[in-house]
Amino acid sequence: MLNKYARSFFTSLFTPLATLLLKWKISPDTVTVVGTLGVAGGALVFYPLGQLFWGTVFITLFVFSDVVDGIMARMQGRSGSWGSFLDSTLDRIADGALFAAVAIWFFLGGSNSAIAVAALACLVLGMIVSYARAKAESLGFTANVGIAERAERLVSVLVVTGLTGLGLPEVVLLAVLILLALASVVTIVQRILTVRVQAAAS
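A brief structural summary. (Residues numbered from 1 in each chain as written. Predicted model: local features only at pLDDT ≥ 70, side-chain atom pairs only at ≥ 80, totals over all residues. Heavy atoms only, no water.)

What to know about the packing of helix α6 (residues 113-138) against helix α8 (residues 170-201)
Running from N to C, α6 and α8 point in directions that differ by 20 degrees, and their axes come no closer than 9 Å. What the angle tells us is that α6 and α8 run roughly parallel. Seen along the crossing, α6 lies across α8 with a hand that is left-handed. Each residue belonging to the contact of α6 with α8 can be placed in one class, and the counts come to 20 nonpolar, three polar and three charged. (Axes fitted to C-alpha atoms, helices over the stretch in contact; angles between N-to-C directions. Helix = DSSP H or I, 4+ residues; strand = E, 2+ residues; numbered from the N terminus. Parallel < 35°, antiparallel > 145°, perpendicular 65-115°, else oblique. Left-handed = near helix turned anticlockwise from the far one by under 90°. Nonpolar A, V, L, I, M, F, W, Y, C, P; charged D, E, K, R; others polar.)

Listed below in structure tokens is the structure:
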């Protein structure tokens, strides 16, 4: 949903930055790697220390690299298999670090094992959501459907985790994580059924 309605806005917003980076001879791959290191590093450093708000601020500075590198690649006419592979692979690293870092804090200093378990559930189910699409495409099918794609999961957990650091009741974060986990389950089922229909028709 966010990919559909927000991409044009963020493309317009970050095109000047993408143009500047290309002028400085910085490659899209470099932006992808730096962005992943920023998100994963910020999550794994700030969140386990209980710095949920400032961790979210730091992560947000890097999370839009996923938009910027795509703009840069298209401007260079380099949108291809390698860039897609690198981007998808590093996205999994960033997402895994983010949810794992939330779980680490709430298992330890945060002392809320329910949130930690919910975060781990989101981590695992999110990976399955991504795998289902990748496997479908590798077999010649399409599975770009679902109510809980990466953008929705990422925005939800970042916003609510950051607000929790400012005093939002932890039960809100727990509720959001549970809803994300359930939405991921629905998305997995949607993708399985979508591929099943295509397979039956082929």
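From this point, things continue past the structure.
Describing the pattern of salt bridges
Using the criterion set out here, one finds five salt bridges in the structure. Two residues, D95 and R92, come together in a salt bridge whose shortest N-O distance is 3.8 Å. With D95 and R92 both in helix α5 (residues 81-107), this residue pair falls three residues apart, about one helical turn. Residue class for R92 comes out partly exposed when judged on its relative accessible area of 22%. D95 is paired through a salt bridge with R150; the nearest N and O atoms lie 2.9 Å apart. With D95 in helix α5 and R150 in helix α7 (residues 150-165), this residue pair connects regions lying 55 residues apart in the sequence. The burial state of D95 is the same as that of R150; both residues are buried. Taken together, the salt bridges that share partners define one network made up of D66, D91, R92, D95 and R150. (Salt bridge = Lys/Arg side-chain N within 4 Å of Asp/Glu carboxyl O. Buried < 20%, exposed > 50% of the residue type's maximum accessible area, 1.4 Å probe, protein only.)

Overview of empty space enclosed by the protein
Inspection of the entire model under this criterion finds two cavities of 30 Å³ or more. Roughly 90 Å³ of volume is contained in the largest cavity. Lining the largest cavity are 15 residues, and of these T36, S65, D66, D91 and R150 sit closest to its centre. Its residues assigned to classes, the lining of the largest cavity shows six nonpolar, four polar and five charged. Volume-wise, the second largest cavity comes out at about 50 Å³. Surrounding the second largest cavity, R92, D95, F99, C122, L123, G126, M127, S130 and R153 form its lining. Broken down by secondary-structure element, the contributors of at least two residues to the lining of the second largest cavity are α5 and α6. (1 Å grid on protein atoms, 1.4 Å probe; cavity = no way out; pocket = protein on both sides within 12 Å on 5 of 7 lines; lining within 4 Å. Points joined across faces, edges and corners; volume = space filled by probe spheres on them.)

Some words on a nonpolar patch on the surface
The grouping of L44, I104, F107, L108, V117 and L120 at the surface amounts to a nonpolar patch, some 530 Å² of accessible area in total. Note that I104 resides in helix α5. The class for I104 is partly exposed, based on a relative accessible area of 34%. (Patch = residues over 30% accessible without salt bridge, like charges linked within 9 Å, V, L, I, M, F, W, Y side chains within 5 Å. Areas by Shrake-Rupley, 256 points an atom, 1.4 Å probe, with all protein chains shown as cover.)

As far as function goes, none of this settles anything; it's purely spatial.
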